[in-house]
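Okay, here's what each chain looks like letter by letter:
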Amino acid sequence: MKYILPALIFLIVSLGLVRKVAAFEHFTRGAKEGAMTILNLVPSLVGLITAIGVLRASGALEILGNILQTPLSYLGVPEELLPLVMVRPMSGSAALAVVRDILENCGPDSYAGRVACVMMGSSETVLYTMAVYTQGTPVKKLPGVIPAALIANLFACIFALLICKIL
Amino acid sequence: MLNIIWCVLLMVGILCGIATGRTEAVTEAVVNCSREAVTFAIGMVGICAFWCGLIRILEAAGGLAALQKWVRPVIVRLFPSAKKDPETQQNIITNLTADFLGLGNGATPSGIAAVQGLSRLGGDGERASRDICLFLVLNTAALQLMPTTVIAMRAGLGSQAAMDILLPTWITSLGAVLMALLAYRICRGRR
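These numbers come from a predicted model, not from an experiment. (Residues numbered from 1 in each chain as written. Chains lettered and ligands numbered in written order. Predicted model: local features only at pLDDT ≥ 70, side-chain atom pairs only at ≥ 80, totals over all residues.)

Draft legend 1. Examining the packing of helix H1 (residues 4–18) of chain A against helix H2 (residues 23–60) of chain B more closely. Look at H1(A) against H2(B): their axes get within 9 Å of each other, and the N-to-C directions meet at 40°. Here H1(A) lies oblique to H2(B), going by the angle between them. Both H1(A) and H2(B) take part in a crossing whose hand is left-handed. Taking contact as the criterion, the partners of Ile9(A), Ile12(A), Val13(A), Leu15(A) and Gly16(A) in H1(A) are, on H2(B), Leu54(B), Ile57(B), Leu58(B) and Ala60(B). Classifying every residue of the contact of H1(A) with H2(B) gives eight nonpolar, one polar and no charged. (Axes fitted to C-alpha atoms, helices over the stretch in contact; angles between N-to-C directions. Helix = DSSP H or I, 4+ residues; strand = E, 2+ residues; numbered from the N terminus. Parallel < 35°, antiparallel > 145°, perpendicular 65-115°, else oblique. Left-handed = near helix turned anticlockwise from the far one by under 90°. Contact = placed C-beta atoms within 7 Å. Nonpolar A, V, L, I, M, F, W, Y, C, P; charged D, E, K, R; others polar.)

Below, the structure is given as structure tokens:
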């Protein structure tokens, strides 16, 4: 896996050179878009990370963790992951804030940390996508979309838990 | 929805802090976490900007067109109502490939255009056609080549092997995409 990013960069840059495109100009244009995408997230991240920080500092997360620990430990599921499972379909930036909290408290290379990363990277926010993509259309009813997307999200969680055990 | 959840989270936190006698810790958390949130976002800007820049080179060099050519047969089969509308077909393909390459907001305009096109073709009015629903379901189980935000976050928080989650993430999202298709078939089939 350590070769993949250098290899992709090499491939893309050499392709750009062979096809004689203005590689650096295109790069800077794209990089600007990428930077703006993240910077646009700042306001919601400030709100959400602070809210989670308050919950952690107040001891509320510990209490929740203690309640959930027993049932979840039977299944071998780290209790830190439950907030992420609940938040992922609702808001992308909230999920990002929860993943950050998990990585900071359990460590990025711990089992819980790795599962959180896989969950984050393998599913998308259902409600946001539905609201944004149906803009400007008469579509109001979306039969079957929410249940199907939630089932897919749930399976993504289960797959993430299993695969991080094996790999 | 998030409006309510966010307020409740803060209120629960503050009340719980008072009950457990940790009001000072709560105050400290507000000051520190809001600052950390900005540093966290700034820390992700670099790698995400780099990746988006790279993908733009790939696009300019015709790599994106090649990728779209490969997925076209699958998309055509999945969305039969767009068969006679190449523009909508192209929008669906653009959106799904942009998602795959992690262009984030770059996928949104083509996604909206694709739903508009499908809604025109489907002609069901308020009730979304089968193809619109399928398109949205596929979008929520997006397969991603390089989850840049997750990798940036791992690297920023001191991971020894930030890239190690790639293979599990690919397997998981592929599984989730298949489950999304299957679950949609079942959920829609009942009606």
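Draft legend 2. Local environment of the domain arrangement of chain A. Entries for chain A in the domain assignment read domain 1 (1–40) and domain 2 (42–166). When each unit is reduced to the centre of its C-alpha atoms, the spacing between domain 1 of chain A and domain 2 of chain A is 30 Å. (Domains from an automatic or database assignment.)

Draft legend 3. Quick peek at the interface of chain B and chain A. Opposite the 93 residues of chain B that make contact, chain A presents 88 residues. Counting residues per element, the side of chain B that touches chain A draws most heavily on H2(B), which supplies 27 residues. Of the residues contributing to the side of chain B that touches chain A, the split by class is 56 nonpolar, 27 polar and 10 charged.

Draft legend 4. Layout of the nonpolar core. If you look at the biggest cluster of nonpolar residues, it comprises 108 residues, and the most contacted ones within it are Val99(A), Ala116(A), Ala148(A), Ala152(A), Ala160(A), Val137(B) and Ala180(B). Here this core takes 17 residues from H2(B), the largest share from any one element. Two domains each put at least three residues into this core: domain 1 (1–40) and domain 2 (42–166) of chain A. In this structure, Val137(B) is in contact with Val145(A), Ala148(A), Ala149(A), Ala152(A), Ala180(B) and Tyr184(B), ignoring residues within four places of it in sequence. (Core = buried A, V, L, I, M, F, W, Y, C linked by C-beta atoms within 7 Å. Buried ≥ 20, exposed ≤ 12 C-beta atoms within 10 Å, placed from the backbone.)

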